Amino acid sequence: MQTLTPELRARAEKIKLLVLDVDGVLTDGRIYIRDNGEEVKSFHTLDGHGLKMLQASGVQTAIITGRDAPSVGLRVQQLGINYYFKGIHNKRAAYAELRAQAGVAEHECAFVGDDVVDLPVMVRCGLPVAVPEAHWFTLQHAAYVTNRPAGKGAVREVCDLIMQAQGTLELALQEYVK
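Residues numbered from 1 in each chain as written. Predicted model: local features only at pLDDT ≥ 70, side-chain atom pairs only at ≥ 80, totals over all residues. Heavy atoms only, no water.

## Here we look at the UniProt feature "binding site: Mg(2+)" (unreviewed entry) in the protein chain
What counts is decided by this rule: UniProt positions are given in the numbering used here, feature names are shortened, and annotations may be inferred rather than shown by experiment. Only protein chains enter the accessibility calculation, which uses a 1.4 Å probe; a residue is then buried when its area is under 20% of its type maximum, exposed when over 50%, and partly exposed in between. The contact criterion used is simple: two residues touch if any of their non-hydrogen atoms lie within 4.5 Å.
In this numbering, the UniProt entry assigns the feature "binding site: Mg(2+)" (unreviewed entry) to D21 and D114. Sequence-wise these annotated residues cover 94 residues; spatially they are packed, their C-alpha atoms never more than 7.8 Å apart. The class for D21 is buried, based on a relative accessible area of 6%. Among residues more than four places away in sequence, those in contact with D114 are D21, D23, G24, V25, V131, A134, H135 and T138.

What follows is the structure in structure tokens.
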């Protein structure tokens, strides 16, 4: 388990909704396009299971992404993600709509991003997180930068962090060794 600073713990304890970007967060940022125009994305199972565990602990999950790839919609369904905003060019407006739908305040939201287009949400949420490969300006606005890279367990790290701060991680993990 991670050692959480008092400030990070205080922020993470309040989280009721985890919001994610997709490209460069849930994926490594590369976009594969087949000759027929179909986009192919690669997702890590650690991230997926972390999201399932986080949801089981009572935290809602959401995606706000600028792209509209069918593979992301399938992954959203597979993981039971509560809210999915795709093809979004104004993430600030989508974030406001999402919070209204989810019934949460800004300080109760965490957001994981990687680029400047994510900043309108990051600067407003209670726990702004960036992946290590994020743009330098985005990194400056993160309260936490993951150790794991994008698309390779960074989201799982954030899920574990939130659950650890909320006191639900150890119990969830113990279920697997009973």
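## Description of a nonpolar patch on the surface
To keep it simple, the criterion reads: Patch membership requires more than 30% relative accessible area and the absence of a salt bridge. Residues of like charge join within 9 Å; the nonpolar side chains Val, Leu, Ile, Met, Phe, Trp and Tyr join within 5 Å. Computed with a 1.4 Å probe, the accessible areas rest on the Shrake-Rupley method; for each residue, only the protein chains presented here act as cover. Whenever Lys or Arg places a side-chain nitrogen within 4 Å of a carboxyl oxygen from Asp or Glu, that contact is recorded as a salt bridge. A helix here means a DSSP run of H or I that spans at least four residues, while a strand means a run of E at least two residues long, and both kinds are numbered starting from the N terminus.
A contiguous nonpolar surface patch, about 390 Å² in accessible area, is contributed by V116, V117, W136 and F137. Positionally, V117 belongs in the loop between strand 6 (109–113) and helix 5 (119–122).

## Structural notes on the packing of aromatic side chains
Keep this limit in mind: Stacked, tilted and edge-to-face are the three classes assigned to paired rings of Phe, Tyr and Trp, where Trp is represented by its six-membered ring and a pair needs centres within 6.5 Å; plane angles under 30 degrees give stacked, over 60 edge-to-face, the rest tilted.
In this structure the tally under the stated criterion is 1 aromatic pair. Where W136 meets F137, the ring centres are 5.6 Å apart and the plane angle is 75°; that geometry is what we call edge-to-face. You can call W136 exposed: its relative accessible area is 56%.

## Quick notes on the UniProt feature "binding site: substrate" (unreviewed entry) in the protein chain
Quick reminder of the rule: Pairing of N or O atoms within 3.5 Å defines a polar contact, subject to two protein rules: one partner must be a possible hydrogen donor and the other a possible acceptor, and residues neighboring in sequence count only if both atoms are side-chain atoms.
In this numbering, the UniProt entry assigns the feature "binding site: substrate" (unreviewed entry) to D23. Here D23 lies in the loop between strand 1 (17–20) and strand 2 (32–33). Owing to a relative accessible area of 14%, D23 belongs among the buried residues under this scheme. Among the polar contacts made by the side chain of D23, one reaches the side chain of K41 at a distance of 2.6 Å.

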